[in-house]
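Letter by letter, the chains look like this.
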Amino acid sequence: MAFEGLTGRLQNVFSKLRGKGKVSEEDVNEAMREVRLALLEADVNFKVVKDFVAKVKEKAVGKEVMESFTPGMVIIDIVNKELTELMGGTQAKLAKANKPPTVIMMAGLQGAGKTTTSGKLAKLLQKNNHRPLLVAGDIYRPAAIKQLQILGEQIKVPVFSLGDKVSPVEIAKQALQQAKDDNHDYVIIDTAGRLHIDEELMEELKQIHAEVKPDEVLLVVDAMTGQDAVNVADSFNKQLELTGVVLTKLDGDTRGGAALSVKAVTGCPIKFAALGEKIDALEPFHPERMASRILG
Ligand code: GDP
């Protein structure tokens, strides 16, 4: 289960605080030392941890908190609020074009879950009475087109494909026209990933971006890879102006680092969380709910 280690450690810290009728500055310092270690162990970015602990401390050692009836509870509440803020505060909604279709470009490294997430997102939109069109733009990974077509069939969402001999830029361009002709209000473009970030990949993504001018550029990252996921997001963001991140594999035993660092490091909000391989295992990301979940 995700965040297990972090949740356990934080609960330990808080159970010590909760019982106290009076909390000293030393108690707060001790608790924050432990919170700091717990976050570092959960693979949260070092600077993010430092800033986080400083913020909580600043709020926790105030006279009002120390002299309240239940100072421990107040401090837990402060941690909860700061965790929520760290992950973006409020839910970041999917963009919507003034004039349909809304174009969503999916990006990410191979294996992060891009193709699967494209299908899941189509399903989610369809559930909300939209008419998405999926676009098979990953022409390099063997079977990526077929995989998207199977997903499309499963959820009864059409998949636009021109095979693997036409350039992804051309595919995206024609798909957009098709979407307009067929009155689709969302277009989800699956793009190619590589095992590592390379120039060729970025160049292609930039060209697709220039061609279709997406309303939304979602980077799909594997939460299990912790800070690597954050570094990937940072690199993509520097080149592609991401509008949001999708964290996948939150059903696995991820330690939490990616969820807690990615917004602070990149400035890019997490818009969706994927919690399993099944087609309906995608949900809008709610910072507040995630913070409560982490605190257990
Ligand atoms: P792509 O190369 O980025 O397009 O990755 P895929 O969409 O093919 O996904 C790679 C693997 O990760 C597949 O086996 C998916 O079933 C799996 N996967 C994707 N999202 C999730 C998730 O949220 N949880 C789990 N457990 N597996 C996932």
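Residues numbered from 1 in each chain as written. Predicted model: local features only at pLDDT ≥ 70, side-chain atom pairs only at ≥ 80, totals over all residues. Heavy atoms only, no water.

The protein is annotated in an unreviewed UniProt entry as Signal recognition particle protein from Paenibacillus stellifer. Per UniProt, the protein carries the Subcellular location (unreviewed entry) text "Cytoplasm". UniProt, in its Catalytic activity (unreviewed entry) section for the protein, records the words "GTP + H2O = GDP + phosphate + H(+)". (UniProt positions renumbered as here; feature names shortened; annotations may be inferred.)

Each helix and strand counted, the protein has 12 helices and 8 strands in total. Taking 2.2 N^0.38 as the reference for a compact globule, 296 residues should give roughly 19 Å; the C-alpha atoms of the protein span a radius of gyration of 21 Å, in line with that estimate. Considering only C-alpha atoms, the protein reaches an extent of 70 × 40 × 30 Å along its principal axes. A total of 296 residues make up the protein; the buried ones form 52% of that total. Restricting to contacts in the protein with at least 6 residues of sequence separation, those with at least 24 account for 78%. Carbon and sulfur atoms provide 49% of the accessible area of the protein, an area that totals close to 14,000 Å². (Helix = DSSP H or I, 4+ residues; strand = E, 2+ residues; numbered from the N terminus. Rg over C-alpha atoms; globule rule 2.2 N^0.38 Å. Buried < 20%, exposed > 50% of the residue type's maximum accessible area, 1.4 Å probe, protein only. Contact = heavy atoms within 4.5 Å. Areas by Shrake-Rupley, 256 points an atom, 1.4 Å probe, with all protein chains shown as cover.)

Another point: the UniProt feature "domain: AAA+ ATPase" (unreviewed entry) in the protein. Sites flagged by UniProt as "domain: AAA+ ATPase" (unreviewed entry) map to residues 100-247. Segment residues 100-247 splits into 46% helix and 20% strand. End C-alpha atoms: 26 Å apart.

Moving on to the pattern of salt bridges. Counted by the stated rule, this structure contains 15 salt bridges. Salt-bridge contacts for arginine 255 lead to aspartate 43; the nearest nitrogen and oxygen are separated by 3.6 Å. Of the two residues, arginine 255 sits in the loop between strand S6 (244-248) and helix H11 (257-266) while aspartate 43 sits in the loop between helix H2 (25-41) and helix H3 (46-60), which places them 212 residues apart along the sequence. Since its relative accessible area comes to 16%, aspartate 43 is described here as buried. (Salt bridge = Lys/Arg side-chain N within 4 Å of Asp/Glu carboxyl O.)

Here the focus is the site of the ligand. With respect to spatial proximity, 17 residues lie near the ligand, and among them Gly111, Lys114, Thr116, Asp251 and Glu277 are the closest. At 2.7 Å from an oxygen atom of the ligand is found a main-chain nitrogen or oxygen belonging to lysine 114. One nitrogen or oxygen atom from the side chain of arginine 141 is found 3.1 Å from an oxygen atom belonging to the ligand. For the ligand, whose accessible area on its own is 580 Å², the fraction buried by protein is 81%. For the shell around the ligand, the element with the most residues is helix H6 (residues 114-127), which contributes 4 residues. (Near = heavy atom within 4 Å. Polar contact = N/O pair within 3.5 Å; in protein donor to acceptor, adjacent residues only side chain to side chain.)

We now examine the UniProt feature "domain: Signal recognition particle SRP54 helical bundle" (unreviewed entry) in the protein. The UniProt feature table records "domain: Signal recognition particle SRP54 helical bundle" (unreviewed entry) at residues 2-87. Overall, residues 2-87 shows 78% helix and 0% strand. The separation of its end C-alpha atoms is 16 Å.

At a minimum axis separation of 9 Å, helix H1 (residues 4-18) and H2 run at an interaxial angle of 175°. With respect to H2, the axis of H1 lies roughly antiparallel. Of the residues in H2, those touching H1 at Leu6, Arg9, Leu10, Val13, Lys16 and Leu17 are Ala31, Glu34, Val35, Leu37, Ala38, Leu39 and Glu41. Residues belonging to the contact of H1 with H2 are distributed by class as follows: 9 nonpolar, no polar and 4 charged. (Axes fitted to C-alpha atoms, helices over the stretch in contact; angles between N-to-C directions. Parallel < 35°, antiparallel > 145°, perpendicular 65-115°, else oblique. Nonpolar A, V, L, I, M, F, W, Y, C, P; charged D, E, K, R; others polar.)

Our next topic: the nonpolar core. Formed by 78 residues in total, the largest nonpolar core has its most connected members in Met32, Phe52, Phe236, Leu247, Leu260 and Ile294. For phenylalanine 52, the residues in contact, after removing those within four places along its chain, are Val35, Leu39, Val79, Glu82, Leu83 and Leu86. Core analysis: the second largest hydrophobic core is formed by 24 residues, Met106, Leu125, Ile155 and Val220 among them. (Core = buried A, V, L, I, M, F, W, Y, C linked by side-chain atoms within 4.5 Å.)

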